[in-house]
Amino acid sequence: MNHADIVTAGLLLFIACVVAILSRRIGVPYAVGLVAAGIGLNLAGFHGRIAFTPELIFTFFLPPLVFEAALNLKWKQFRHEAPLVLNLAFTGTVLSAAVVAGGMHWLVGWGWQAALLFGSLIAATDPVSVIAIMKEQRAEERVRFVMEAESLVNDGAAAVLFSLCLAAINGAAVTPAGIGFSLVLVVFGSVACGLAVAAGLLLVAGRSEDPFVELTLTVLIAYSSFAAAEALQLSGVLSTLAAGMLVGNWGPGRILTRRGSEALIRFWEFAAFLANSVIFLLIGAGEAEQSFQSYLLPALVGTALALAGRAVAIYSLGPLYVRSILSISREIRHMLFWGGLRGALALALALSAPAALAERDALVGTTFAVVAFSIFVQGLTVPRLLRRSGLLAGTEE
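Quick notes on the rules
Residues numbered from 1 in each chain as written. Predicted model: local features only at pLDDT ≥ 70, side-chain atom pairs only at ≥ 80, totals over all residues. Heavy atoms only, no water. Phe/Tyr/Trp six-rings, centres within 6.5 Å; stacked < 30°, edge-to-face > 60°. Buried < 20%, exposed > 50% of the residue type's maximum accessible area, 1.4 Å probe, protein only. Salt bridge = Lys/Arg side-chain N within 4 Å of Asp/Glu carboxyl O. Helix = DSSP H or I, 4+ residues; strand = E, 2+ residues; numbered from the N terminus. Axes fitted to C-alpha atoms, helices over the stretch in contact; angles between N-to-C directions. Parallel < 35°, antiparallel > 145°, perpendicular 65-115°, else oblique. Left-handed = near helix turned anticlockwise from the far one by under 90°. Contact = heavy atoms within 4.5 Å. Nonpolar A, V, L, I, M, F, W, Y, C, P; charged D, E, K, R; others polar.

Colleague: How would you sum up the packing of aromatic side chains? Please name residues and give values.
Modeller: One pass over the structure, following the stated rule, counts nine aromatic pairs. Considering the side-chain rings of Phe267 and Trp268, the 5.3 Å spacing of their centres and the 85 degrees angle between planes classify their relative orientation as edge-to-face. Relative accessible area serves as the criterion here: at 1%, Trp268 is assigned to the buried category. A network of ring pairs unites the aromatic residues Tyr315, Phe337, Trp338 and Phe373 as a single cluster.

Colleague: Explain the pattern of salt bridges to me, using residue names and the numbers behind them.
Modeller: Inspection of the entire model under this criterion finds four salt bridges. The closest approach of N and O atoms between Glu150 and Arg310, which form a salt bridge, is 3.0 Å. You can see Glu150 sitting in helix H7 (residues 141-169) and its partner Arg310 sitting in helix H12 (residues 296-317), a full 160 residues away along the chain. A relative accessible area of 4% means that Arg310 is categorised as buried.

Colleague: Can you tell me about the packing of helix H3 (residues 54-71) against helix H10 (residues 236-255), naming the residues and giving the values?
Modeller: For any two helices packed against each other, the geometry comes down to the angle between their axes and how far apart the axes lie. The interhelical angle for the contact between H3 and H10, taken along N-to-C directions, is 40 degrees, at an axis separation of 7 Å. One way to sum up the angle between H3 and H10 is to call them oblique. Handedness of the H3/H10 crossing: right-handed. For the pair formed by H3 and H10, the contact residues are Leu62, Pro63, Val66, Phe67, Ala70 and Leu71 on the first element and Val237, Thr240, Leu241, Ala243, Gly244, Met245, Val247 and Gly248 on the second. Taken together, the residues that form the contact of H3 with H10 break down as eleven nonpolar, three polar and no charged.

Nothing here speaks to function; it is all geometry.
The structure is reproduced here in structure tokens:
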């Protein structure tokens, strides 16, 4: 990184701090304020040297964000909610992708390759966006847990589905049995990879009484679990999710020292703040560079289909638990539907679509349009929906 890159990064962080202060004062979600600031910077003629690329998102930003969120997922609660969360994440992702892909093929005229890629990447609710909103608004504990856990898991599910679609486009033989086997292999392989990396480095941390050494090793866990899984063609998100849960549930009070345990959450909250800040500013800068007029029909139809696919997933699967202890109220279902924001993950996947794809430019432009709607329309109205539904901490449902 040269001097210009450092200056750019410093300027982005200063702007993020100013936006954080202003957003809190005027009651606007921090993520929305950052994207608006990114658009403003771009329109004002500031073009930084830090570009929004899939490599940047997957290499630098997703690992700490996923790891920090996973630290707060308690195993006992996850085990209890697992049937609901996993069904929404995996089955819901497939249902949503099918609705979107079919719609883009029949209504817009896209080829099946582009339609399937778009359906798979837009089916995931982006954990970066969802977790940022849920934390800032102080959502009620179960609502926040289910939304964060579901967004983290279906992020991995969508990435796997996207990779399967890419494999089919590149000529690989893809059958229903093969898809099922690949899904099981990736899920269990990713979890095993994350647990192995985390357990090994936690044992090393247990031999130190220096909290700085312990924190450094957790940084290695976050990035190494993600990188190792991606190198093995598994899911980096699911691997880091498993690693983060192991550290969060096994580290404090057991492996890590008292000082290391106390510093763990604060350090990773700060790391997540930095990553969130830069990601949303870069998303805003990317939005300002799009020519939505060129892809107006796909953008409008794609946005409507993204909402329709999410609605099918939530409102068809949610009622299955109505007579069980995992029952989710109508208000929670509404929140899962409307609060399922899209963001950095969808954009990173869209930008990684094959250059030879005929509809690639339209696919990227449509994804930016869906993300813009998600952040500005859904993101601005989620706080009001939380309040009206009685789903904020300290309120009655």
